[in-house]
Each structure stands twice: as structure tokens, then as C-alpha cells.
Amino acid sequence: MRHAFAAALLLAGAVPAALPAQTRSISANDRAVGAQAHPQLLQQYGGRYSGSQAALVDRVGRRVAVQSGLSRDGGDFTITLLNSPVENAFAVPGGYVYVTRQLLALMNSEAELASVLGHEVAHVAARHANKRATRSTVGGIAAAVLGAITGSDLVGRAASTGAQLYTLGFSRSQEYEADTLGIRYITGAGYTPHAAADMLAALNDDAQLEAAIGGRRAGPPTWLSTHPNGADRVRRAQNLANQTGRPDLTGVQDANFLRQLDGLPYDDGSRQVRVVAVRAGDTVQSLAARMAYGDHQLERFVVLNGLDPRAPLRPGRLVKVIVPR
């Protein structure tokens, strides 16, 4: 179950865990690779989203990026909100970090947004894309980096089953490293470190919902996935957050963040996010009935808002509903 938490700011602190090696500056070569990939990524993911939420993503991304030590003010990073209906976030060398509007809509606090951006900044700091490209046998560093980051079938082009498993295992290791560094960064930036586990739990819940809607199982086993198992990864992130000694605040809603999502396009753009206050007499079921879908209204509403469907809703609480645009 997804944890409720506050986006209250906390005092900076380090995560007491072994950390992977990080670069201390962005090299000219990495900048060149990122600059080459950037226009292709914009084209692939619907271009830059220029709505008001773009400034929010940029501000939070820069704040987190400072904690990596690669930039004094975050200005060496290019943080982009993409106009895409695909839930995704990724980074390429040179400090280019991306999050889609569809993924932004799933978030319920600024701290959750920070956790996603911190994870991607960590990929840059640990030069994960470069290392994946080095291990790949398909030609062209920039092409290999682009394929790996955008989720194209880079692994499937490996020469043998052994090579596939080697690359897959390396990706799982990178994801764990990025989780560790990302939690360190968001804690240092003043966000609750428990947001990372909450966000990962939300993504896991959403993946299971999409699988149910599509009539399929929720992804392959851990050992054949380029990402760690959802439940295992959530537990690991929660343990890392606990090690910081920072409290896991619950029951306090980040209303300011939610209000900023109001009007955000959703799916293919024919729908939008509307943020409404719960009124006396409203229930999870009655609010879910407002979701602009012909199926799984309750499940969609619950996952979108990170709710326990059995718990009553307090009047005045803000919730997201998806309505026609």
C-alpha cells in the first residue's frame, strides 16, 4: 500500500549507506552526447511541454541537482517536462533530465517529484548511460546511450543469452545505485527521503493497474527485467529512508503541489487533470464515478490519488479526477 506523507521540508542529512562513485563535473564529451540526443528525445516524446507545470519541474530539478555536486545552482542541468502521454522519466549524459506530463500527473507531492528527478540526476552523476553504452556491442556511443535510455531493445540485440543477462544485471545494479544517490540528494535538498518509496509504490500500483486493464500480467520476473522488482525496490528505498533518521510524516497533504497540477493534459490530451476538494458526503466511489473512463473508474481514481479505497475521505482534502478537456 502506498504510504501517505507530507512534503514538509526537513533538515539536510546524508544517507548512511555505501554510495557508488560519482563524477565531479560534466565533461565536454558528455555534453556533446546529450546535446546530440536532446532534439531526438524531444521529437520522440511529443516535444517540450510549455504549460505552467514546466517551471515547477525545472525549479525542483535544479534544487535537487545541486546536491549532486555537478552544479552550484543547477544551471548545468537541462530539466525538461515532456508533452507525452507515456509515464516515463530518464536522463542522458550532459545533464539532460526528462519527466513526462503523464508521470507528473501520478505524483501527489513536490517531494515525490523531487525523488524522481533525484533518481535521474543520480544516473548522470554516476555516468550510468556511458557505462551501459560501453558494455553494449552495438555501434555508436550516442546511439547506444539513446537506445538504452529510451527503453528501445538494446539488450535484445546482444549476441547471446549470456550477454543479455549480463547487461540486464548491470541495469538492475544501476537502478539500485540511482535510488541510493537519489535519496541522498532529496534529503540534502530538504525533502522527506520517504518520498522515494512512496513514488516507487505508486509506480508499482500503476503498473499493476495498467496490466489489469490490458488483461496481462504485471511484467516479467525480477531476474529478467531491466528494472528491479517493484516490491523489492520499494522496501529497499524505505530502508534507506529509515537510515537517514528523518521522520516519515503522514496525513499532511501537499495542497500547493496538487493545485499546480490542475488543468494538466492527460492521456492523449483529450482529457485533463482537475483538482477538486472533497465535500461532505463525498466518497471514494462517488468521486471515482467522475473519472472520464468507461472502465476501472474506482481503480484509476485510487491509484491516481494514492488512496486506501476503504478509508473515508476528509472534507476539504484535495483529490485529482480525470475529466474531458
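In this numbering scheme, every chain counts its residues from 1 along its sequence in written order. Only residues with pLDDT of at least 70 are given local features in this predicted model, and only at 80 or more are side-chain atom pairs given and counted; all residues enter the totals for whole chains, interfaces and linings. To get the side-chain values, all heavy atoms of the structure are used, and hydrogens and water are removed first.

### Describing the sheet that holds strand β3 (residues 96-100)
- Read across the open sheet, the 3 strands follow the order β1-β3-β2; overall the sheet is mixed. On the outer flanks of this sheet lie β1 (78-82) and β2 (89-92), each paired with one strand and no other. Adjacent strand axes in the sheet meet at a mean angle of 20° when their direction is disregarded.
- Note: β2 against β3, 4 bridges, orientation antiparallel. Each residue of the ladder has a partner; that of A91, found in β3, is V97.
- Sheet strands touched by helix α1 (residues 28-44): β1, β2 and β3. Its angle to β3, the strand with the most contacts, is close to 20°.
- Running over the sheet, helix α2 (residues 53-65) touches β1 and β3 and is turned about 145° from β1. Note on pairing: DSSP must find at least two bridges between two strands before they are called paired. By definition, any uninterrupted DSSP run of H or I lasting at least four residues is a helix, any uninterrupted run of E lasting at least two residues is a strand, and each is numbered from the N terminus. Fitted lines through C-alpha atoms serve as axes, helices being fitted only where they are in contact, and the angles separating the N-to-C directions of these axes extend from 0 to 180 degrees. Here a residue-residue contact requires only that any non-hydrogen atoms of the pair lie within 4.5 Å.

### Some details on the confidence of the model for the protein chain
- Each residue carries a pLDDT score, the predictor's own confidence in it, on a scale running from 0 to 100. For the protein chain, mean pLDDT is 81; residues scoring 70 or higher make up 75% of the total.
- Ignoring residues within four places in sequence, the model shows residues 1-17, a span with pLDDT below 50, making 66 contacts including any to other chains.
- Here residues 135-141 is a poorly scored stretch, pLDDT under 50, and it has 8 contacts once near neighbours within four places are set aside; other chains count.

### Notes on the packing of aromatic side chains
- The rule is short: rings of Phe, Tyr and Trp, with Trp giving its six-membered ring, pair when the centres are within 6.5 Å, and they are stacked under 30 degrees, edge-to-face over 60, tilted in between. A full pass over the atoms with the stated rule returns 2 aromatic pairs.
- Judged by centre distance (4.9 Å) and plane angle (40°), the ring pair of Y45 and F90 falls under tilted. Of this pair, Y45 sits in the loop between α1 and α2 while F90 sits in strand β2, and the two are 45 residues apart along the sequence.
- Residue F90 is classed as buried on the basis of its relative accessible area, which comes to 3%.
- In textbook terms, an aromatic cluster arises when at least three aromatic residues are bridged by ring pairs, as seen for Y45, F90 and Y98.
- A cation sits over an aromatic face here: R300 above Y293, 4.0 Å from the ring centre. In this scheme, a residue with accessible area under 20% of its type's maximum is buried, one over 50% is exposed, and one in between is partly exposed, where area comes from a 1.4 Å probe on protein chains only. Whether a charge lies above a ring is judged from NZ of Lys or CZ of Arg, which has to be within 6 Å of the ring centre and within 35 degrees of the ring normal.

### Here we look at the sheet that holds strand β4 (residues 265-266)
- Sheet architecture is open: 3 strands sit in the order β4-β5-β6, paired in antiparallel fashion. Strands with a single pairing partner mark the edges of an open sheet, and in this sheet they are β4 and β6 (318-324).
- Direction of pairing for β4 relative to strand β5 (residues 271-277): antiparallel, over a ladder of 2 bridges. Following the sheet pairing, P265 is matched in β5 by Q272.
- Contacting β4 and β6, helix α12 (residues 297-305) runs over the sheet at an angle of about 130° to β6.

### Topic: the pattern of salt bridges
- Definition used for salt bridges: Asp or Glu carboxyl oxygen within 4 Å of a side-chain nitrogen of Lys or Arg. Enumeration according to the criterion identifies 13 salt bridges in this entry.
- Between E175 and R233 there is a salt bridge; the shortest N-O distance is 3.2 Å. Of this pair, E175 sits in helix α7 (residues 161-188) while R233 sits in helix α9 (residues 230-243), placing them 58 residues apart in sequence. R233 carries the same exposure label as E175, and that label is buried.
- R300 is the partner of D295 in a salt bridge, and the nearest nitrogen-oxygen pair spans 2.9 Å.
- Since its relative accessible area comes to 15%, R300 is described here as buried.
- One continuous salt-bridge network, built from bridges that share partners, spans R59, R63 and E110.

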